Amino acid sequence: MDFKIKFNQYNKDDSMMYGNMLLTGNGYFGIRGTFEEYTKEMYGAINMSGIYDRSEPDAWRESVNAPNCIYVKLEADKETYSLPDTLPSNHYHELDFKYGIFTRKTVWKTNKGTITLESERFASMHDKHLVCVKYTVFSDYDCKIKLTSGINTDIWNINGNHFAKVEKTSDNGYINCICTTIEKNIELSLQEYDAINTNCKKSIINDENGIFNVFEINAKKDEKYVLEKITKISSSVDKKASVTDLKKTNYENLKKLHISEWDKIWDISFVEIKGDKEAEKALNFCIYELNAIAPRHTDAGSIPARGLSAQVYKGAIFWDTEMFMFDYFLHTDVSVARTLINYRIKTMGGAMIKAKEYGYEGAFYAWESQEDGIDACSEFNIIDPVSGRPLKTHFRDKQIHISADIIYALKRYVEYTKDYSILDEGGKEMVIQCALFYRSAIVKRLNSNFYELHNCIGPDEYHECINNNAYTNKMAKMVFDYAYELTKNDDTEHALMFKDCADKLYIPSPRKEDDVIEQFDGYFKMENCSVEDLKKREYTKGEYWGGAYGIATQTQILKQADVATMLCMFKDEYSNKILKANFDYYEKRTQHGSSLSACMYSLLGCYLGNAESAYPLFMTSALADLKEERSQWSGKVFIGGTHPASAGGAWMCAILGFAGLGIKDGKITLNPCLPESFEEMNFKIVYNGKKHNIKVTRTKCFVD
Ligand code: IFM
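What counts, and where the lines are drawn
- Residues numbered from 1 in each chain as written.
- Predicted model: local features only at pLDDT ≥ 70, side-chain atom pairs only at ≥ 80, totals over all residues.
- Heavy atoms only, no water.
- Pairing = 2+ DSSP bridges.
- Helix = DSSP H or I, 4+ residues; strand = E, 2+ residues; numbered from the N terminus.
- Buried < 20%, exposed > 50% of the residue type's maximum accessible area, 1.4 Å probe, protein only.
- Core = buried A, V, L, I, M, F, W, Y, C linked by side-chain atoms within 4.5 Å.
- Contact = heavy atoms within 4.5 Å.
- Axes fitted to C-alpha atoms, helices over the stretch in contact; angles between N-to-C directions.
- Lys, Arg positive; Asp, Glu negative; His and termini not counted.
- Salt bridge = Lys/Arg side-chain N within 4 Å of Asp/Glu carboxyl O.
- Near = heavy atom within 4 Å.
- Polar contact = N/O pair within 3.5 Å; in protein donor to acceptor, adjacent residues only side chain to side chain.
- Areas by Shrake-Rupley, 256 points an atom, 1.4 Å probe, with all protein chains shown as cover.
- Nonpolar A, V, L, I, M, F, W, Y, C, P; charged D, E, K, R; others polar.

Trainee: What exactly am I supposed to notice about the pairing of strand 20 (residues 380-383) here?
Mentor: A regular strand places its side chains on the two faces of the sheet in alternate fashion. Relative to strand 21 (residues 390-392), strand 20 is paired through three bridges, and the arrangement is antiparallel. Each bridged residue has a counterpart across the sheet, and for Phe380 the counterpart in strand 21 is Lys392.

Structure follows, in structure tokens:
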């Protein structure tokens, strides 16, 4: 398979797209796919995982970007050659997503000939603290080349500067920079060592833009000057330090070690799709994306909704991780799956504080979770298209399914891995606290025997403050059932309480006449129109359709898969006829306004045996970050970046859907539903500690 994404020319207007799509990362940080000379105006960034800070008391807390240590400025005979200002005569760049290596070649015409720049870089998978850049320059005439290479501290931030103090020093050939964050005094340290393959004049610049090595080279015609620029990033919140000695290593050695780590990942992760090269490439790109942001540097960390591609959504963790990305890790690298759950166990304190804040008991997890489980979700997230005033949304206080989403992932982890130690190490307590939360959220009418959940938001965020959302109620019941299971032998008082809740919580049933499950109380009475009808009612193009006054609010149009998501999670409890009736009813009423939507309908399509409906929806998910059709801005708020939930969802469609992978009575099962273009699928999973090769063809399935 061709693992490369190639661009044969430079287009300044595509810079945001390159930045997202060509991201390299190792879970500790993500480096946007931009060029060495780019400054903050061109959205270059090195986005750190798990470090959050606030630039001023009223600003949004967001993930912190490290100073830009890929920075190099090129001058020849005192002229600067730099994108986007000096347009090149030739340009090529690519991402080799097999190894997360970003490469470019840029040629500029000068009045004496040409200057060529070739560079390559990666975020080391071997030592997660290292950024490795190799920068080669040559000219076809003698000239004076000047390279200014170092740590640029004047960086892109969505919500203001995060550094109260920036200390820059140089010693023993290193340039160093220690930045202390404003709110939490976190120290982010960078140490860079630059090695160049020529004797030249060297000096250091230490100014308000950063600290830089300056190399002045008497360049000879066609001679290649190679700068190896290795930077170690660490922070005061890291548990482990890097042991690499930058002076004793070099770019090529580090590259070999890096490649061998990616080889291990691909050995278990690669999915071969015979017959459909486009699907194969898109799916494996999704797998690359997930691995480039997987938290392998820690034993308790998670993945933000936009990965490590920017400070979008404040770098926070949503349900995206547990419900969309988790399955890939569970089946291929269980230690990452455990790290993701450990993050939720570690942040349970924040969830308990949030529950109290809203008058509940137990653990109400953050809708947008930061490092201590703090909820970063703001209350006014949208703009009224008519008045331009900020409007309140209730994502933070009413999207209560988040606690159940986390328990769903924990339960799957325990069932799949049989690693019961997680329950003793906080998992069981997390289940109990989430069950207590839902119990305290339940309401009961005086004249009924049922328990209900009112005033919620389901996955379809367009309809707020609704009662008995099918997804939320079903997921809460699962939490009660699991809490009962875990407590029945040693805590009968709690167990009986949870059983009572599980038994009496109202779960909407399919309606008799057509088997459709009502998304929430009163949904069927809402205006029945089409997505196209609604589009015509927009006051301003791209306005938000939900919330208090949104154009979808009083209609049956939903933002993203809701009942469909519930059916995917509990498919074995519903007949094929019900799955089909709900797919048919809801899919055409769904705007797919979220990148989390298409994959769930695709999966449901597979579960009901309709591969042809599932296929285009799968491709929409798999190509989400290769086509970049989603808008980057909502008003003045940047909502771009990558879509790892869509990537994880595409993996679910391919493996759980098309190949029909499942586990029954401790055995791997396959129930394929291949689309017409797929001749054969080959992939691996780890189950019961053993690697299994799986082959699925139109007529046969093999598991070894
Ligand atoms: O978690 C999602 C949500 O379901 C829809 N809006 C974007 C969030 C982050 O991806």
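Trainee: Sorry if this is basic, but what is going on with the environment of Asp490 here?
Mentor: Of note, Asp490 is situated in the loop between helix 10 (470-487) and helix 11 (492-504). For Asp490, a relative accessible area of 53% puts it in the exposed group.

Trainee: In this structure, what is going on with the nonpolar core? I would like to understand it.
Mentor: Nonpolar side chains tend to gather and get buried jointly when the protein is soluble and globular. Core analysis: the largest hydrophobic core is formed by 203 residues, its most contacted members being Leu74, Leu147, Met430, Phe618 and Met681. At 11 residues, the largest contribution of residues to this core is made by helix 9 (residues 421-441). Other than its neighbours up to four places away in sequence, Met430 contacts Ile341, Arg344, Ile345, Met348, Tyr365, Ile406, Ile407 and Leu410. Ranked by size, the runner-up nonpolar core spans 24 residues in total, among them Met48, Ala66, Val131 and Cys177.

Trainee: Which parts of the structure should I look at to understand the sheet that holds strand 4 (residues 46-53)?
Mentor: Two modes of strand pairing occur in sheets, parallel and antiparallel, and in both the strands are linked by backbone hydrogen bonds. Within the open sheet, the four strands sit side by side as 2-3-4-5. Their pairing is antiparallel. Among the strands making up the open sheet, the edge pair consists of strand 2 (24-25) and strand 5 (62-66). Sheet topology note: the strand 2/strand 3 (residues 29-31) ladder contains two bridges and is antiparallel. Bridge pairing in strand 3 places Thr24 opposite Ile31.

Trainee: In this structure, what is going on with the sheet that holds strand 28 (residues 680-687)? I would like to understand it.
Mentor: Taken in spatial order, the four strands make up an open sheet running 19-28-29-30, and their pairing is antiparallel. With partners counted over all chains shown, the strands left at the sheet margins are strand 19 (272-274) and strand 30 (701-703), one partner each. On average, adjacent strands in this sheet sit at an angle of 15° to one another, irrespective of strand direction. Here strand 19 pairs with strand 28 via three bridges, running antiparallel. Paired with Glu272 across the two strands is Asn682, which belongs to strand 28.

Trainee: What should I look at first to understand the side chain of Lys128 in this one?
Mentor: Relative to the helices and strands, Lys128 resides in the loop between strand 10 (114-123) and strand 11 (130-139). Glu261 provides the closest opposite charge to the buried, unpaired Lys128, separated from it by 5.6 Å. The residues contacting Lys128, other than those within four sequence positions of it, are Asn26, Tyr28, Phe29, Arg296 and His297.

Trainee: I tried to follow the site of the ligand on my own but got confused; where do I start?
Mentor: Inspection of the region around the ligand gives Ala305, Arg306, Tyr313, Phe318, Trp319, Asp320, Trp367, Glu461, Lys559, Gln560, Ser594 and Leu596 as its neighbouring residues. A distance of 2.9 Å separates an oxygen atom of the ligand from a polar atom in the side chain of Trp319. Taking Glu461, its side chain carries an N or O atom lying 3.4 Å from a nitrogen atom of the ligand. If the ligand stood free it would expose 280 Å²; the protein chains cover 95% of that surface. Per-class residue counts for the shell around the ligand are six nonpolar, two polar and four charged.

Keep in mind these numbers describe shape, not what the thing actually does.
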